[in-house]
Amino acid sequence: MQKYSRVFYLVGFLSMPLFILLLVYGYIKINEMVSEEIHWGHNKSFAFGQASREGKLILLAVTKSRCEMLQGLECGEGKPDLGTYVLLNYTPREQEFQTLILDDRFASLKTDPLPQYFLLNSTGEIRHMSNQLPSVEEMQKLPKKE
C-alpha cells in the first residue's frame, strides 16, 4: 500500500502546476469575456442623464471599432477634453447603431464613411456633425440648450 501512496503523491505533486495553469487560463478567459462588454463610453440613458445634470454636450462617436480609453486616431488620441462632453460610442455591430440609422437626423451614416461625430445636447438635438473629431474650442462655443 505504501508503494502506491508514493505514486499518488508523485502524480498529485506533478499535476499541481497543470491545475494552476488551468486556473490562470480560466481567470484570463473569464476576464476577456466580461471585458468585451465593458468599454470606454456610456450607454445612452446614462450619457443623456449625466449631460443633463452637468450641463454638458454628448459626443456621439460612430466609429468602425470601439473607442477603448479614447485610443486610436478615430478616437482622437487624447485630443478631446472629457470635462466638456459625455462620450457615447457606437459601432456598426451594435443594436443601437441599427436604430440610429433609422433616424432621419443621422442619414449620413448610411452613405458617408466612418468615423462620424455628432455633438448632441441633453434633449438629443444635433448641434454639430463632422467626419473629424471636433476640437475642444468647437465644443465650448456650441450652446448646450436652445
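Residues numbered from 1 in each chain as written. Predicted model: local features only at pLDDT ≥ 70, side-chain atom pairs only at ≥ 80, totals over all residues. Heavy atoms only, no water.

> Outline the pattern of salt bridges, supporting the account with residue identities and numerical values.
Following the criterion strictly, the structure yields 3 salt bridges and no others. Here arginine 127 ties to glutamate 125 by a salt bridge, and the two come within 3.7 Å at their closest N and O atoms. (Salt bridge = Lys/Arg side-chain N within 4 Å of Asp/Glu carboxyl O.)

> Give a detailed account of the sheet that holds strand β1 (residues 57-62), specifying residues and quantitative values.
Spatial ordering of the open sheet is given by β2-β1-β3-β4, a layout of 4 strands whose pairing is mixed. Edge strands, defined here as strands with exactly one partner in the open sheet, are β2 (85-90) and β4 (126-130). Taking the axes of each pair of neighbouring strands and ignoring which way they run, one obtains an average angle of 20° across the sheet. Taken together, the 4 bridges between strand β3 (residues 116-120) and β4 define a ladder with antiparallel strand orientation. Note that in β4 the partner of leucine 119 across the bridge is histidine 128. (Pairing = 2+ DSSP bridges. Helix = DSSP H or I, 4+ residues; strand = E, 2+ residues; numbered from the N terminus. Axes fitted to C-alpha atoms, helices over the stretch in contact; angles between N-to-C directions.)

> Outline the side chain of serine 108, listing residues and values.
Considering the arrangement of structural elements, one finds serine 108 in helix α4 (residues 108-111). Only 2.7 Å separates the side chain of serine 108 from the side chain of glutamine 116, close enough to count as a polar contact. When sequence neighbours within four positions are dropped, the list of residues in contact with serine 108 reads Gln116, Phe118 and Met129. (Polar contact = N/O pair within 3.5 Å; in protein donor to acceptor, adjacent residues only side chain to side chain. Contact = heavy atoms within 4.5 Å.)

> Explain the UniProt feature "transmembrane region" (unreviewed entry) in the protein chain residue by residue, including any values.
In the numbering adopted here, UniProt assigns the feature "transmembrane region" (unreviewed entry) to residues 7-28. Secondary structure across residues 7-28 divides into 100% helix and 0% strand, with the first and last C-alpha atoms of the span separated by 32 Å. (UniProt positions renumbered as here; feature names shortened; annotations may be inferred.)

> Outline the nonpolar core, supporting the account with residue identities and numerical values.
Counting residues in each nonpolar core, the largest one holds 17 residues, and the members touching the most others are Leu60, Val62 and Leu109. Mapped onto this core, the elements with two or more residues apiece are α2 (44-54), β1, β2, α3 (95-101) and β3. Filtering out sequence-adjacent residues up to four positions away, valine 62 remains in contact with Tyr90, Phe97, Leu100, Leu109, Leu114, Pro115, Gln116 and Phe118. Counting 8 residues, the second largest nonpolar core, distinct from the first, contains Leu57, Leu87, Leu119 and Leu133. (Core = buried A, V, L, I, M, F, W, Y, C linked by side-chain atoms within 4.5 Å. Buried < 20%, exposed > 50% of the residue type's maximum accessible area, 1.4 Å probe, protein only.)

> Explain the side chain of threonine 63 to me, using residue names and the numbers behind them.
Secondary-structure assignment places threonine 63 in the loop between β1 and β2. Given a relative accessible area of 0%, threonine 63 falls into the buried group. At a separation of 2.6 Å, a polar atom in the side chain of threonine 63 contacts the main-chain carbonyl oxygen of serine 65.

> Mind laying out α2, listing which residues take part and the relevant values?
When we look at burial in α2, the residues that qualify are Ala47, Phe48, Gln50 and Ala51. Taken end-on, α2 shows its buried residues confined to a sector of 165°, consistent with a single buried face. Looking at α2, the residues exposed on the side facing more than 90 degrees away from the buried face are Ser45 and Arg53. Here the buried face of α2 lies against β1, β2 and β3. Glycine 55 sits one or two positions beyond α2 and adopts a positive phi of about 65°. (Arc of directions from axis to C-beta.)

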